[in-house]
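Structural overview for review
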Amino acid sequence: NGLYIIDIKELKINKEKQETINNNLKSKRIQKILLDSKQRLWISYADGGLNVCDAVSGLILNVIENKIPKTETIFSYIEEDPISGNIIFSTFDQGLFVYEEKSRTFRAFKDKRLMNYPILTLLYGELPYINKERTMIIGTDNYGFKLVDLDSEKLIDIPLSKARHH
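Residues numbered from 1 in each chain as written. Predicted model: local features only at pLDDT ≥ 70, side-chain atom pairs only at ≥ 80, totals over all residues. Heavy atoms only, no water.

Right, let's get into the overall build of the protein chain. A tally of regular secondary structure across the protein chain gives two helices and 14 strands. Within the protein chain, the fraction of its 166 residues that count as buried is 42%. Counting only carbon and sulfur atoms, one obtains 50% of the accessible surface of the protein chain, whose full area is about 9,600 Å². (Helix = DSSP H or I, 4+ residues; strand = E, 2+ residues; numbered from the N terminus. Buried < 20%, exposed > 50% of the residue type's maximum accessible area, 1.4 Å probe, protein only. Areas by Shrake-Rupley, 256 points an atom, 1.4 Å probe, with all protein chains shown as cover.)

Printed below as a string of structure tokens:
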């Protein structure tokens, strides 16, 4: 059914902005949404694809045009790295992708082993027991949780015995 835009001050639907945004969407079948620190809506669709929309004007931005791997790619989750401002995407069948804010490029993560896991969710956080500040937990389908070092973009292997002590 598209997006509902709610005016927080008046606690009602902003029909004008809602209409502007919904008329510009690729599809009304929305999978995930992220409002980033630059007031952009990153919208992935259940039938594949991705749009970036200016949350203020409702207009589609061309920051990712012709840069995503395949138009039918379903992005299962979207998260912003609060340190770099990069946007990180998970997929059901192609691993992790990143939109690099500085270079404005969209690419796959460096560790190709990530393509082996159907990724369902992402969680940004700090895990002190592995001595890494910038880590992301990925939830996979049938493979449990995996850790990713955001600096090297590689999977982190940690013994469960080490994790249990903390």
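What follows deals with the sheet that holds strand E8 (residues 87-91). Strand pairing within a sheet occurs via backbone hydrogen bonds; the two strands may be parallel or antiparallel. Pairing is antiparallel across the open sheet formed by four strands, whose spatial order is E7-E8-E9-E10. Single-partner strands in this sheet number two, and they are strand E7 (75-80) and strand E10 (105-108). Averaged over neighbouring strand pairs, the angle between their axes works out to 20 degrees when direction is ignored. Judged from the four bridges that link them, strand E9 (residues 96-100) and E10 form a sheet pairing that is antiparallel. Considered in E10, the bridge of Val-98 is made with Arg-107. (Pairing = 2+ DSSP bridges. Axes fitted to C-alpha atoms, helices over the stretch in contact; angles between N-to-C directions.)

So, on to the packing of aromatic side chains. Scanning all chains against the criterion turns up seven aromatic pairs. On the basis of an interplanar angle of 80 degrees and a centroid distance of 6.4 Å, the ring pair of Phe-75 and Phe-97 is categorised as edge-to-face. One end of the pair, Phe-75, is in strand E7; the other, Phe-97, is in strand E9, and 22 residues separate them in sequence. A connected cluster of aromatic rings, assembled from ring pairs, spans Trp-42, Phe-75, Phe-89, Phe-97, Tyr-99 and Phe-106. (Phe/Tyr/Trp six-rings, centres within 6.5 Å; stacked < 30°, edge-to-face > 60°.)

So, about the pairing of E7. For E7 and E8, the ladder comprises five bridges, and the chain directions are antiparallel. In the sheet register, Tyr-77 faces E8, and the bridge partner there is Ser-90. Where E7 folds back on E8, the antiparallel hairpin that results is connected by six residues, among which Gly-85 adopts a positive phi of roughly 80 degrees.

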